[in-house]
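The chain contents come next:
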Amino acid sequence: LADHPVMAYTIAAALQSGIFTDVLISTDSEKYAEVATHYGADAPFLRPADLAGDVSPDIEWVADTLGRLRDSGRDYECFSILRPTSPFRLPETIRRAWEEFMAQEGVDSLRAVEKCQQHPGKMWVVRGSRMLPLLPMGPAEQPWHSSQYPSLPEVYVQNASLEIARTRVIFENRTIAGNVLMPFLTQDFEGFDVNSEYDWQLAELMIRNGEAKLPDVTQSPYS
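Everything numeric in this text was worked out from a predicted model, so none of it was measured.

Cut-offs used in this document
- Residues numbered from 1 in each chain as written.
- Predicted model: local features only at pLDDT ≥ 70, side-chain atom pairs only at ≥ 80, totals over all residues.
- Heavy atoms only, no water.
- Helix = DSSP H or I, 4+ residues; strand = E, 2+ residues; numbered from the N terminus.
- Buried < 20%, exposed > 50% of the residue type's maximum accessible area, 1.4 Å probe, protein only.
- Contact = heavy atoms within 4.5 Å.
- Areas by Shrake-Rupley, 256 points an atom, 1.4 Å probe, with all protein chains shown as cover.
- Patch = residues over 30% accessible without salt bridge, like charges linked within 9 Å, V, L, I, M, F, W, Y side chains within 5 Å.
- Salt bridge = Lys/Arg side-chain N within 4 Å of Asp/Glu carboxyl O.
- Expected span 1.5 Å × (residues − 1).
- Axes fitted to C-alpha atoms, helices over the stretch in contact; angles between N-to-C directions.
- Parallel < 35°, antiparallel > 145°, perpendicular 65-115°, else oblique.
- Left-handed = near helix turned anticlockwise from the far one by under 90°.
- Nonpolar A, V, L, I, M, F, W, Y, C, P; charged D, E, K, R; others polar.
- Polar contact = N/O pair within 3.5 Å; in protein donor to acceptor, adjacent residues only side chain to side chain.
- 1 Å grid on protein atoms, 1.4 Å probe; cavity = no way out; pocket = protein on both sides within 12 Å on 5 of 7 lines; lining within 4 Å.
- Points joined across faces, edges and corners; volume = space filled by probe spheres on them.

K.L.:
Outline the overall build of the protein chain, listing residues and values.
P.N.:
In terms of regular secondary structure, the protein chain is built from six helices and six strands. When the helices and strands of the protein chain are read in sequence order from the N terminus, they spell out α-α-α-β-α-β-β-β-β-α-β-α. In terms of its C-alpha atoms, the protein chain occupies a principal-axis envelope of roughly 60 × 45 × 40 Å. Relative to its full complement of 223 residues, the protein chain shows a buried share of 40%. When contacts within the protein chain are restricted to residue pairs at least 6 apart in sequence, long-range pairs at least 24 apart make up 73% of them. Carbon and sulfur atoms make up 51% of the accessible area of the protein chain, which amounts to about 12900 Å² in all.

K.L.:
If you had to explain a nonpolar patch on the surface to someone new, which residues and values would you point to?
P.N.:
On the surface, Trp124, Val126 and Met131 cluster together into a nonpolar patch covering about 300 Å² of accessible area. Tracing the backbone through its elements, the reader meets Met131 in strand β4 (residues 130–133). Overall, the relative accessible area of 47% leaves Met131 in the partly exposed class.

K.L.:
I'd love a proper account of helix α4 (residues 91–102), names of residues and values included.
P.N.:
For α4, which comprises 12 residues, the first-to-last C-alpha distance of 17 Å matches the rise-based estimate of 16 Å (1.5 Å per residue) to within 8%. Considered for burial, the residues of α4 that qualify are Pro91, Thr93, Ile94, Arg96, Ala97 and Phe101. Of the surrounding elements, those touching the buried residues of α4 are α1 (7–17), β1 (78–81), β2 (109–115), β5 (156–166) and β6 (181–185).

K.L.:
Let's hear about the packing of α1 against α4: which residues, and what values?
P.N.:
One can describe the packing of α1 onto α4 by two numbers: an axis separation of 8 Å at closest approach and a directional angle of 55°. Classified by the angle their axes make, α1 and α4 are oblique. Considering the relative orientation of α1 and α4, their crossing is right-handed. Within the contact between the two elements, α1 uses Ala13, Ala14, Gln16 and Ser17 and α4 uses Pro91, Ile94 and Arg95. Residues belonging to the contact of α1 with α4 are distributed by class as follows: four nonpolar, two polar and one charged.

K.L.:
Please set out the side chain of Ser29 residue by residue, giving values where relevant.
P.N.:
Considering the arrangement of structural elements, one finds Ser29 in the loop between α1 and α2 (30–38). Note on Ser29: relative accessible area 18%, which makes it buried. Here Tyr32 takes part through its backbone nitrogen, which lies 3.0 Å from a polar atom of the side chain of Ser29.

K.L.:
Describe the pattern of salt bridges, listing the residues and the values that go with them.
P.N.:
Applying the stated criterion across every chain, the model contains 12 salt bridges. Between Arg83 and Asp58 there is a salt bridge, with the nearest N and O atoms lying 2.7 Å from each other. Pair noted here: Arg83 is in the loop between β1 and α4 and Asp58 is in helix α3 (residues 58–71), with a separation of 25 residues, a long-range link. We classify Asp58 as partly exposed; its relative accessible area is 23%. For Glu154, the salt bridge is made with Lys115, and the minimal N-O distance between the two is 3.7 Å. Within this pair, whereas Glu154 is found in the loop between β4 and β5, its partner Lys115 is found in strand β2, the two being separated by 39 residues in sequence.

K.L.:
Account for the layout of surface pockets, with residues named and values stated.
P.N.:
Considering only enclosed or pocket space, the largest pocket measures out at about 1400 Å³ in volume. Together, 43 residues line the largest pocket, and Leu24, Ile25, Ser26, Trp61 and Leu82 are the ones closest to its centre. Breaking the lining of the largest pocket down by element, the ones donating at least two residues are α1, α2, α3, β1 and α4. Residue composition of the lining of the largest pocket, grouped by class: 28 nonpolar, eight polar and seven charged.

As structure tokens, then:
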């Protein structure tokens, strides 16, 4: 994306945020580990292949990573997951999230969210030739699926830009989020997630038009 592999922008944002003791990559790929170290991240070990499948739960690889790090003497009070598919997450985005997280008492984790564009009140579950509303709520005379968007309750959807949590939730509760979560409202394109060819083309267009800003990458392009 632009001049660099997409993960370079996440690594740059993390390093430039100035809040992390260490910035590490979790991957089962030697190539991706090499790319990450080129841009300044640490790759102390590869993720086990059985924890790197398309449907591998986050808790498995996060617990494995933090456990192996703790065994080597690297223990952390908190951790953050910064997925490389969010290239427009800036250093100031991460700093803002950290400041909001630290300002709250009794919170296990923070997760990035944004107001949903497709409201779940208008979603359906299809069973053969019949369908039922996903959320059978609202007054019978005016169900949500037949209401205008502005009249529906505000609903937020998580995006992939960042998560912050206290490490104890991993080892005490076997969860990456804990029980008390707080929202982090992303702004503009901070939460834009690149998951498809269409997303990639849109990201390139926004960069060309100056609509979205990438973190500054100081390293030469990886090749």
